[in-house]
Amino acid sequence: MTYYSNEVARLTKSLYPHDDLTKHIIQSKLFIDKHFSEDINLDKIAGRAMVSKFHFIRVFKKYYGSTPNQYLQNVRIEMAKKLLRKGKSIEEVCYAIGFTSKTSFISLFKKMTGKTPLTFQNKKAILNSN
Amino acid sequence: MKIKVTSVMVDDQDKALKFYTEKLGFVKKKEVPLGEYKWLTVVSGEEPDGVELLLEPMGFAPARVYQKALKDAGIPLTMFNVDNIQSEYERLERSGVKFSMKPTQMGPATIAVFDDTCGNNIQLVQV
């Protein structure tokens, strides 16, 4: 056993003592990864959590560094980038990642990436043509 | 300000390029002669325009002390994300890569640590 392995074991024991809760939070994260393009909400994400919603959000954030909703937005925007790179239109991308409003998609995209979807796509097109 | 390059210190750049491309599967991006060494970077094939990893020579002797201390303690110098850690672990082990930590769950993440043969421990992470 290295020093590092020992530290990992020690931290795992002290930070994640509840196996069931850990499994549950991981399930919720995987649920988001799979269903991000659908109309999902906190109830669906939390599933059959045996904890209150507030506690669920707090624990999720402790595990992943972001709330379930922030994580969902992150997954959606990452997918949007992939689709924009493939040349999909902003409208197509918007609906493919579970947004119902183009305006809110564009503003979230800009907030998270620093560029509008159109600028992002055009920049990629210029890079690829060189 | 942007993060374009990060680095791992390597004891031999040619050996490192071989390991990082042939074993790990990264792709060479830049190779620019710089005196006795070179500016040598690789990228992930999945993200060719992503952050570049500089295979940095250790011309500065104290760097070796730092590298060895981390190596001996089993501490990873850096980490790479994978989609399926179990299959990557099996693939790398089959090709002769030595692991000091097999895939191990740590809360929401699963991590594994291998020897890059250039003086470092490298961690794989699946979240």
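Calculation rules
Per chain, the residues get numbers from 1 upward, laid out in the order the sequence is written. Chain letters start at A and ligand numbers start at 1, both assigned in the order the entries are written. At least 70 in pLDDT is required for a residue's local features to be given in this predicted model, at least 80 for side-chain atom pairs to be given and counted, and no such filter applies to totals for whole chains, interfaces and linings, which use all residues. Paired strands are those between which DSSP finds at least two bridges. Per the convention used, a helix needs a DSSP run of H or I reaching at least four residues, while a strand needs a run of E reaching at least two, with both numbered from the N terminus. Axis definition: a line fitted to C-alpha atoms, limited for helices to the stretch in contact. Angles are taken between N-to-C directions and run from 0 to 180 degrees. Note on contacts: residues are paired as contacts if their backbone-placed C-beta atoms lie within 7 Å. Residue classes follow a fixed rule: Ala, Val, Leu, Ile, Met, Phe, Trp, Tyr, Cys and Pro count as nonpolar, while Asp, Glu, Lys and Arg count as charged, and any other residue, Gly among them, counts as polar. Residues with at least 20 other C-beta atoms within 10 Å of their own are called buried, those with 12 or fewer are called exposed, and the rest are partly exposed. The C-beta atoms themselves are positioned from the backbone. Expected span of a helix: the number of residues minus one, times 1.5 Å.

Draft legend 1. Quick peek at the sheet that holds strand S4 (residues 52-57) of chain B. All names here are of chain B. The mixed open sheet is built from 4 strands, whose spatial order is S1-S4-S3-S2. The sheet is open, and its two edges are formed by strand S1 (5-10) and strand S2 (27-34), each paired on a single side. Pairs of neighbouring strands in the sheet enclose a mean axial angle of 25°, with direction left out of account. Across 6 bridges, S1 lies against S4 in parallel orientation. By the bridge assignment, Val10 is partnered in S4 with Pro57. Packing of helix H1 (residues 13-23) onto the sheet brings it into contact with S1, S2, strand S3 (37-43) and S4, and relative to S3 it is tilted by some 5°.

Draft legend 2. Broad picture of the interface of chain A and chain B. Contacts between the two partners involve 15 residues from chain A, matched on the other side by 11 residues from chain B. Counting only elements with at least two residues in the side of chain A that touches chain B, the list comes to helix H1 (3-15), helix H2 (19-35) and helix H4 (53-64) of chain A. Of the residues forming the side of chain A that touches chain B, the biggest block, 6 residues, is contributed by H1 of chain A. Residues that form the side of chain A that touches chain B fall into these classes: 10 nonpolar, 4 polar and 1 charged.

Draft legend 3. Looking closely at unusual backbone geometry. Residue and element names in this part refer to chain B. Phi at Thr117 is positive, roughly 65°, even though this residue is not glycine. Relative to the helices and strands, Thr117 resides in the loop between strand S7 (109-115) and strand S8 (121-126). Assessed through the 18 C-beta atoms surrounding it within 10 Å, Thr117 is described here as partly exposed.

Draft legend 4. Expanded view of helix H2 (residues 62-73) of chain B. Taking 1.5 Å as the rise per residue, H2 of chain B with 12 residues should run 16 Å; its terminal C-alpha atoms sit 17 Å apart, in good agreement. Immediately downstream of H2 of chain B, the backbone of Gly74 of chain B shows phi near 80°, a positive value.

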